[in-house]
Amino acid sequence: MSPTPSISSERISQHGDPAELGRELKMEGQRNISDAVRTILECIDEDPAREGLLDTPERYAKALLFFTKGYGEKVSDIVNNAIFREHHHEMVIVKDIEIFSMCEHHLLPFTGKMHIGYIPNGFVIGLSKLARIAEVYSRRLQIQERLTKEVAYALMEVLSPRGVAVVMEACHLCMVMRGVGKTTATTITSCVLGSFEANEKTRNEFLNLVGVNK
Amino acid sequence: MAQFDSPSGSESPAALANGDENNKRNKAKAKGNGNGNGRTRLRDGDIKDLNTGGPNGTRAIGERRSSVSKPARDFRDKPEPEPKRKKRRTAVAPGAVREEAATPGDAGDSSTRSPSPVIDFDGLSRPSVGTRERLEEDDAQKENRLARMKGAVRTLLECIGEDPDREGLLATPERYAKAMLFFTKGYQENVRDIVNGAIFQERHNEMVIVKDIEVFSMCEHHLVPFNGKMHIGYIPANAVIGISKLPRIAEMFARRLQIQERLTKEVANAIMEVLKPQGVAVVMESSHLCMVMRGVQKTSSTTITSCVLGCFERKEKTRNEFLSLIGVNR
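Not measured: the values here are computed from a predicted model.

Undergrad: Could you give an account of the sheet that holds strand 7 (residues 187–194) of chain A, with specific residues and numbers?
TA: Residues and elements named next belong to chain A. Here we have 5 strands laid out as an open sheet, ordered 5-2-3-6-7, and mixed in their pairing. For this open sheet the edge positions go to strand 5 (141–142) and strand 7, each flanked by a neighbour on one side alone. Looking at chain direction, strand 2 (residues 92–103) and strand 3 (residues 109–119) are connected through 9 bridges and run antiparallel. If you follow Ile-97 over to strand 3, its bridge partner there is Met-114.

Structure below.
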C-alpha cells in the first residue's frame, strides 16, 4: 500500500506545524489567546473584571492548548517501540475508548467512544498504544470522519497488519447545545482497511464483537 | 453536653453549675409538659436541647446537631427564625402582587416581599454590564461586535498552530461567534416575557414537580460546557404556573456564563419571586466537561447542587418527599 498521506517522517498530519511550537512561543501564544478571550468576554457583554471571570482567559488558554496538544505529538514517539513479534493471526479489538475532541467548525467538544480492531500479520502492538494513537488524533480540531480515518491509517502505517477497522460513535455538543438541539442523537463513522475492507465476514465479525447499537 | 432531667425533678449538677436562669425556667416548663427529660419538642419533629449552649443558640462543644437534614447554621449568622404559626393567607392574585413587588420600595401588602435582588425593575435578571446596550443596538453595532469576535477567534486558531485559512476552518470564527452569542443569550431574556401571564388561580396546594429538564450551560471558569438535568418542584399557594415556564426560566439562567451553584440558586429565587409559592426546591445534577476532558479527567463523576426555599427549607418531611420523588441517585 502506498504511504498514507497522514503520517510523514517528521510531522503528524498535513495541517498544523507542531515542530515550531517551542516553549517561548507557547507562552506568547498563551498570552495572545488570553487577550482574544478577553475580547470575546467583552463582546458577549460580560464583565471580564468580575471575580469569577478574572482568570478565565488564562484558564481557557491552557484548556485550549490542552485540547489541541495532539498537533505536537508524534505517533512514532507514542508507540515507543511497543511492537512485538507474535504468531497471532486472530482479531484483536480494543473497544469503548473514550474520546474527547473539538469540532473544528464550532470549537465545541464532541465526545464519544472509539472501537479499534486489527488482524496482526506477525506483529502485535501494545494495547494501550491503540488508545494513545486515538488520543493523538482526537486532541485536535477535528471532524469525526477525519478522526476515524486518521486513526485507521496511522495504525495501518505503524504496524502493517492484515487489516484495520475503526468505528466511532459520538455525541456532538454543537448539535445538542445549539442549532437543532437534538440531545439523543449519536453520530457513527467507520473506516475499514485491508482484510476488513475485502471480506464481508471479517467486517461482520468485528461489528458483532464491538456491539455498536446493542 | 446533653443533660437529662430525672423524673424526680432534681437539678443536674451541670445545669446548676451553668447558673442559667433561662435553663431552669425551661426545665420547669418541660417538666410541666410531662416529658420529664428536660427536652422540649418543637414543631416538625425536631428535638432541641435547651439545657446547655451559649448565646444565639450555639451548641455546647461536642453536641451533635439533632437533625442532619436541616441546613447547618453558623452561629455568627443571624439566629434561627422563630417558627411561625400558620395563618390563613388571603387569596391575593400573585399576578397583581408581582407587579407591585416589581417596583422598588413597595412593602405594603403582607404577602409581598421587598424587591428581589433576582429580578430587576424591567424584568431582566442579573444582567451583565453590556446587556442593556446590546438590547438596543442597531445592525451596525451588531456587525462590529461580530467582527471583533471573529478577529479574536482567528487569533486563537493561529496561536494553537492551526491554519485559519484551510477549508474546514474558514468560517469557524463566525460560527463560533454566533454560537457564543447563543450560549449567552440568557442575559437578554426578560422574565416577564417568559412567564407571559401564565399564572392561574387553581387552589392547588400539593407539590408540583417538573423533573429531568435538560440544561446546558457554560462554565465561567473555563468556557467549556457543562450539561445535565435539573429537577424543579414547588408547592403553590393557590396559584400555579404554566408547566413549561419552569424549564424556560431554567433555560434563561443556564444560557450564561455560570457556575452550577449559582445557576441552581438563581432559578429557585426567580421562581420564588415570580410565583410566590409556599416553597421551591431545585436540584441539579450535571457533568462538567472542564473536569472530564481536561484536568483531573474523571469521566463518570457528577456534580449535584440544590437550593430549597420556603416550606422545603423549614420542613424535613417535605424536602424528603421531594427528593424521593425526583429520584436522584437511583
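Undergrad: Tell me about the UniProt feature "domain: GTP cyclohydrolase I" (unreviewed entry) in chain A, and name the residues and values.
TA: Listed under "domain: GTP cyclohydrolase I" (unreviewed entry) in the UniProt record, and renumbered for this structure, are residues 34–210 of chain A. Helix makes up 42% of residues 34–210 of chain A and strand makes up 28%, while its end C-alpha atoms are separated by 42 Å.

Undergrad: So what's going on with the sheet that holds strand 4 (residues 208–219) of chain B? Which residues, and what values?
TA: Residues and elements named next belong to chain B. What the 5 strands build is an open sheet, ordered 7-4-5-8-9; its pairing is mixed. Both edges of this open sheet fall to strand 7 (257–258) and strand 9 (303–310), since each of them pairs with a single strand only. For strand 5 (residues 225–235) and strand 8 (residues 279–288), the ladder comprises 10 bridges, and the chain directions are antiparallel. Residue pairing for strand 8: Met-230 is matched across the bridge by Met-284.

Undergrad: Explain the pairing of strand 8 of chain B to me, and be specific about the residues and the numbers.
TA: Residue and element names in this part refer to chain B. Here strand 8 lies mainly inside the structure; 8 of its 10 residues are buried. Summarising the sheet, strand 8 and strand 9 pair through 8 bridges and their orientation is antiparallel. Bridge pairing in strand 9 places Val-280 opposite Leu-309.

Undergrad: Explain the environment of A:Gly52 to me, using residue names and the numbers behind them.
TA: Tracing the sequence through the fold places A:Gly52 in the loop between helix 1 (23–43) and helix 2 (56–67). Overall, the relative accessible area of 11% leaves A:Gly52 in the buried class. Spatially, the C-alpha atoms of A:Gly52 and A:Phe123 are 53 Å apart, while their sequence positions differ by 71 residues. What A:Gly52 contacts, discounting residues up to four positions off in sequence, is A:Arg59, B:Glu220 and B:His221.

Undergrad: I'd love a proper account of the nonpolar core, names of residues and values included.
TA: Counting residues in each nonpolar core, the largest one holds 116 residues, and the members touching the most others are A:Met114 and B:Met230. Both domain 1 (10–71) and domain 2 (77–210) of chain A contribute no fewer than three residues apiece to this core. Apart from the residues lying within four places of it in its own chain, the contact partners of B:Met230 are B:Val210, B:Lys211, B:Asp212, B:Ile213, B:Val215, B:Ala250, B:Leu263, B:Val267, B:Val282, B:Val283 and B:Met284.

Undergrad: Run through the interface of chain B and chain A, naming residues and quoting values.
TA: Each partner contributes residues to the interface: chain B has 52 residues there, and chain A has 50 residues. Roughly 4400 Å² of surface becomes buried between chain B and chain A when both sides are summed, with 69% attributable to carbon and sulfur atoms. At the surface where chain B touches chain A, the tally comes to 4 salt bridges. Between A:Arg50 and B:Glu220 there is a salt bridge, and its shortest N-O distance comes to 2.8 Å. At the surface where chain B touches chain A, the tally comes to 15 residue pairs in polar contact (both at pLDDT 80 or more). Among the elements that take part in the side of chain B that touches chain A, helix 5 (residues 139–159) of chain B stands out by supplying 9 residues, more than any other. Residues belonging to the side of chain B that touches chain A are distributed by class as follows: 25 nonpolar, 15 polar and 12 charged.

Undergrad: Can you lay out the UniProt feature "domain: GTP cyclohydrolase I" (unreviewed entry) in chain B for me, pointing to particular residues and giving the numbers?
TA: Residues given the UniProt feature "domain: GTP cyclohydrolase I" (unreviewed entry) here are residues 150–326 of chain B. A helix fraction of 41% and a strand fraction of 28% characterise residues 150–326 of chain B, whose end C-alpha atoms lie 43 Å from each other.

Undergrad: Explain the environment of B:Ala179 to me, and be specific about the residues and the numbers.
TA: Residue and element names in this part refer to chain B. In this fold, Ala-179 is placed in helix 6 (residues 172–183). Given a relative accessible area of 0%, Ala-179 falls into the buried group. For the pair Ala-179 and Leu-156, spaced 23 residues apart in the sequence, the C-alpha separation amounts to 16 Å.

Undergrad: Can you tell me about empty space enclosed by the protein, naming the residues and giving the values?
TA: In total, this model carries 2 cavities of 30 Å³ or more according to the counting rule given. In this model, the second largest cavity occupies a volume close to 60 Å³. When the residues that make up the lining of the second largest cavity are grouped by side-chain class, the tally is 11 nonpolar, no polar and no charged.

Undergrad: Could you give an account of the side chain of A:Ser101, with specific residues and numbers?
TA: Examined against the element boundaries, A:Ser101 turns out to sit in strand 2. Not counting residues within four places of it along the chain, the set of residues in contact with A:Ser101 comprises A:Leu108, A:Pro109, A:Phe110, A:Ser138, A:Arg140, A:Gln142, A:Leu147 and B:Met293.

So, how was this worked out
Residues numbered from 1 in each chain as written. Chains lettered and ligands numbered in written order. Predicted model: local features only at pLDDT ≥ 70, side-chain atom pairs only at ≥ 80, totals over all residues. Heavy atoms only, no water. Pairing = 2+ DSSP bridges. Helix = DSSP H or I, 4+ residues; strand = E, 2+ residues; numbered from the N terminus. UniProt positions renumbered as here; feature names shortened; annotations may be inferred. Buried < 20%, exposed > 50% of the residue type's maximum accessible area, 1.4 Å probe, protein only. Contact = heavy atoms within 4.5 Å. Core = buried A, V, L, I, M, F, W, Y, C linked by side-chain atoms within 4.5 Å. Domains from an automatic or database assignment. Buried area = accessible area lost by both parts, 1.4 Å probe. Salt bridge = Lys/Arg side-chain N within 4 Å of Asp/Glu carboxyl O. Polar contact = N/O pair within 3.5 Å; in protein donor to acceptor, adjacent residues only side chain to side chain. Nonpolar A, V, L, I, M, F, W, Y, C, P; charged D, E, K, R; others polar. 1 Å grid on protein atoms, 1.4 Å probe; cavity = no way out; pocket = protein on both sides within 12 Å on 5 of 7 lines; lining within 4 Å. Points joined across faces, edges and corners; volume = space filled by probe spheres on them.

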